[in-house]
Amino acid sequence: MTILEVDSVIKRYGTETVALDNVSFSVQPGEFVAIIGPSGAGKSTLLRCINRLIDVTSGDIRFAGVSVPQLRGAALRRHRTQIGMIFQHYNLVNRLSVIENVLHGRLGYKNTLQGILGLYSEQEKRDAVRILETLGLTEQMYKRCDQLSGGQKQRVGIARALVQKPKMLLCDEPIASLDPSSAKVIMDTLQDINRTMGITVLVNLHQVDVALHYAERIIGVNKGRIIYDGAPHALSNAQIYQIYGSEAGELILDLKERYAA
Amino acid sequence: MQPEAFFRRRRLQSLLFLLIITALTYGGILMTQFDVTQGLMAIPRAFSWAIANFIPDERAWSRLPRILEKLQETVLMAVASSSIASVFGLGLALLGANTTRPHPWFSLPARALASVFRNIDVSVWALILLFSFGQSGFTGFFALFFVTLGFITRVMVETIDEVSTDSVEALRATGAGYTAIISQSVIPACLPQLISWVLYMIETNIRSATLVGILTGTGIGFLFDLYFKNFSYGSASLVVLLTVAVVLIIETVSNYVRRVIL
């Protein structure tokens, strides 16, 4: 039983640019998958096609047995509630408090009136508080988000995704704007969520060493095509060259050797 | 190029520029037959005349209650037109902004409408509306309303795209509906900017209301016009002084509010 099936997906911007060129892969429930590749390889586009922030040009995506590209209106919203998303720039409403931002994760379950007025149930608020506790943000709960550090903001982003009670998390460069120690906290948190809650995690990464360390499976993308799909230890140097191009490849291999040593 | 040659060219350029300016000025003086010495001599006389005539006299102070009443009318008009126009302007901006437009087709008409309202000057609006509403408060109200609507729409389109694009994407990803996204993320993110611009428009509109009043025969502008044409310069200057005072007070208040909310 697969949770996600991406089947010959093509995404074109305009008539010229091909962001995704016949991409196919499937993900099992509970997998931790890292998607690596250079900037502009189509990683972000791929994630956004899965929760339909971007429409595919052709091909099919099935999530929990439901075909995604045809979804409209309420069915599309229901689909999105099952998938949490985490962003490079956290995408919080900076002027609102931490708890308000976390509760935004419940808006997908609300009708129009509840949504406009921001009416959340006791249970939802308790859930939000509990999730903030597990992420170590209890003290920050009523602070405005613009008073937090980058690592704290990203944990708020994770809390907002978790309060959705998602089956899968899509993480778009979650640590690209963070310092190394905050980045480690975030990656450890994602791994912990994956292991203890059984939530499938799909994470876009720039950092090959991080991907190799955390992921159970690597998907390497270049120019919209999948170059590699398999276990981290089986990823060969030649394949890293292929994913990143020669010069960047050398630098990455350097890091990989040092990391291994 | 040698450094000497470069700086010589620079000096020549400056000299040429100076010559052109002098020639233009002198030519202008000749063409308009402007007597420079007489013009300069007139300045002190103008001042002494102004000081003698524009100091509010006994009669001016006896008109104070009437002036204050009209001033209050004008301030309330400016506040009402600014705040009501801002509500509509925010609605139009939501249709026009790339982040929040319900469909790409809405964007251009909303922005075009705002542009038309904004680019017709408030005095022109007042003259056009005179035909429909005559010399009444409505004319002034709508003239200020239209200009404010155009202005608020324009600045809010930019603000919305600037401050809420990221969080709108995040809320769409959670499955939130359009109205929930607007009320939970766009409005909270933009509200301080909106309030700040509304305060700015209230200040601007009090100044404009004076001019509009002259044209439409209402409010403080009408009183100024009346006194001025009756040679009651003292009363006219009291009107001006009080208007300036009110504008300064409102500026102080809104600067304080801005500091608190931003």
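Residues numbered from 1 in each chain as written. Chains lettered and ligands numbered in written order. Predicted model: local features only at pLDDT ≥ 70, side-chain atom pairs only at ≥ 80, totals over all residues.

Participant: Describe in detail the overall build of chain A, supporting the description with residues and values.
Facilitator: A tally of regular secondary structure across chain A gives 10 helices and 10 strands. Taken against the 2.2 N^0.38 rule, which gives 18 Å for 261 residues, the C-alpha radius of gyration of chain A at 19 Å falls within 12% of a compact globule. Overall, the C-alpha framework of chain A stretches about 55 × 45 × 35 Å when taken along its three principal axes. Per-residue burial for chain A yields a buried fraction of 44% across its 261 residues. The long-range fraction of contacts in chain A, counting pairs at least 24 apart against all pairs at least 6 apart in sequence, stands at 68%. (Helix = DSSP H or I, 4+ residues; strand = E, 2+ residues; numbered from the N terminus. Rg over C-alpha atoms; globule rule 2.2 N^0.38 Å. Buried ≥ 20, exposed ≤ 12 C-beta atoms within 10 Å, placed from the backbone. Contact = placed C-beta atoms within 7 Å.)

Participant: Run through the sheet that holds strand 3 (residues 32–36) of chain A, naming residues and quoting values.
Facilitator: Residues and elements named next belong to chain A. Strand order in the open sheet made by the six strands is 6-7-8-3-9-10, with mixed pairing throughout. One side of each edge strand has no neighbouring strand; the edge strands of this open sheet are strand 6 (83–86) and strand 10 (225–230). The mean angle between the axes of side-by-side strands here comes to 15°, regardless of whether they run parallel or antiparallel. Bridge analysis of strand 6 against strand 7 (residues 168–172) gives four bridges, and the strand direction is parallel. When the sheet's bridge partners are listed, Ile 86 is paired in strand 7 with Cys 171. The strands that helix 9 (residues 237–244) touches are strand 3, strand 9 (217–222) and strand 10; relative to strand 10, the one it contacts most, it runs at about 150°. (Pairing = 2+ DSSP bridges. Axes fitted to C-alpha atoms, helices over the stretch in contact; angles between N-to-C directions.)

Participant: So what's going on with the domain arrangement of chain A? Residues and values would help.
Facilitator: Residue and element names in this part refer to chain A. Segmenting chain A into domains produces domain 1 (1–82 + 167–261) and domain 2 (92–165). Counting residues at the interface gives 11 residues for domain 1 and 10 residues for domain 2. The biggest single contributor to the side of domain 1 that touches domain 2 is helix 7 (residues 180–197), with four residues. (Domains from an automatic or database assignment.)

Participant: Quick one: what's the story with the confidence of the model for chain B, residue by residue and with numbers?
Facilitator: Do not read the predicted coordinates in detail wherever pLDDT is low. Predicted confidence across chain B gives a mean pLDDT of 90, with 100% of residues reaching 70 or more. The complex model carries a pTM of 0.81, and its ipTM stands at 0.89. (pLDDT = per-residue confidence, 0-100.)

Participant: Explain the interface of chain B and chain A to me, and be specific about the residues and the numbers.
Facilitator: Taken together, the contacts link 18 residues of chain B with 24 residues of chain A. If you list the elements that add at least two residues to the side of chain B that touches chain A, you get helix 7 (137–173) and helix 8 (178–216) of chain B.

Participant: Give a description of the sheet that holds strand 5 (residues 66–67) of chain A that names residues and reports values.
Facilitator: One open sheet holds the four strands; their spatial order is 2-1-4-5 (chain A), and the pairing between them is antiparallel. Whereas interior strands pair on both sides, the edge strands pair on one side only; in this sheet they are strand 2 (17–27) and strand 5 of chain A.

Participant: Break down helix 5 (residues 104–119) of chain B for me, with residues and values.
Facilitator: Since the α-helix advances by 3.6 residues per turn, residues separated by three or four positions end up pointing in the same direction. Residue and element names in this part refer to chain B. Look at helix 5: 24 Å from first C-alpha to last across 16 residues, which is about the 22 Å you get at 1.5 Å a residue. Listing the buried residues of helix 5 in full gives Ala 110, Ala 114 and Phe 117. Across the axial projection of helix 5, the buried residues extend over an arc of 60°, all falling on one side. Within helix 5, the exposed residues directed more than 90 degrees away from the buried face are Pro 104, Trp 105, Leu 108, Pro 109, Ala 112, Val 116 and Asn 119. Those residues of helix 5 hidden inside the fold are in contact with helix 4 (64–96) and helix 7. (Expected span 1.5 Å × (residues − 1). Arc of directions from axis to C-beta.)

Participant: Just give me the short version of the pairing of strand 9 of chain A, but keep the residues and values in it.
Facilitator: Residue and element names in this part refer to chain A. For strand 3 and strand 9, the ladder comprises four bridges, and the chain directions are parallel. Note that in strand 9 the partner of Ile 35 across the bridge is Ile 219. The pairing of strand 9 with strand 10 spans five bridges and is antiparallel. What sits directly across from Ile 219, in strand 10, is Asp 229.

Participant: A description of unusual backbone geometry should follow, citing residues and the corresponding values.
Facilitator: A positive phi angle, close to 60°, is found at A:Asn22, a residue other than glycine. Mapped onto the secondary structure, A:Asn22 falls in strand 2. According to the C-beta neighbour criterion, A:Asn22 is partly exposed, with 14 such atoms within 10 Å. In the Ramachandran plot, B:Gln33 falls in the positive-phi region, its phi being about 50° despite a non-glycine side chain. Its location among the elements puts B:Gln33 in the loop between helix 1 (3–32) and helix 2 (36–54).

Participant: Can you explain the domain arrangement of chain B? Please cite residues and give values.
Facilitator: Taken domain by domain, chain B consists of domain 1 (3–53) and domain 2 (59–261). On a C-alpha basis, the centres of domain 1 of chain B and domain 2 of chain B stand 39 Å from each other.

Participant: Break down the nonpolar core for me, citing the residues and quoting the values.
Facilitator: Counting residues in each nonpolar core, the largest one holds 135 residues, and the members touching the most others are A:Ala34, A:Leu202 and B:Ala143. The greatest single-element share of this core, amounting to 18 residues, is contributed by helix 7 of chain B. Aside from chain neighbours lying at most four places away, what touches B:Ala143 is B:Val122, B:Trp125, B:Ala126, B:Leu129 and B:Val212. (Core = buried A, V, L, I, M, F, W, Y, C linked by C-beta atoms within 7 Å.)

Participant: How would you sum up the packing of helix 8 of chain B against helix 10 (residues 233–261) of chain B? Please name residues and give values.
Facilitator: Residues and elements named next belong to chain B. Closest axis-to-axis distance for the helix 8/helix 10 pair is 10 Å, and the angle between their directions is 175°. Compared by their axis directions, helix 8 and helix 10 come out roughly antiparallel. Residue-level inspection shows Pro 192, Ile 195, Ser 196, Leu 199, Ile 202, Glu 203, Ile 206, Arg 207 and Thr 210 of helix 8 in contact with helix 10, the latter providing Thr 243, Val 246, Val 247, Ile 250, Glu 251, Ser 254, Val 257, Arg 258 and Ile 261. Each residue belonging to the contact of helix 8 with helix 10 can be placed in one class, and the counts come to 10 nonpolar, four polar and four charged. (Parallel < 35°, antiparallel > 145°, perpendicular 65-115°, else oblique. Nonpolar A, V, L, I, M, F, W, Y, C, P; charged D, E, K, R; others polar.)

Participant: Tell me what's going on with the packing of helix 7 of chain B against helix 8 of chain B, and back it up with residues and numbers.
Facilitator: All names here are of chain B. Their axes nearest at 8 Å, the elements helix 7 and helix 8 cross at an angle of 160°. Classified by the interaxial angle, the pair formed by helix 7 and helix 8 is roughly antiparallel. Handedness of the crossing formed by helix 7 with helix 8: right-handed. Here the residues of the contact of helix 7 with helix 8 sort into 19 nonpolar, 13 polar and one charged. (Left-handed = near helix turned anticlockwise from the far one by under 90°.)

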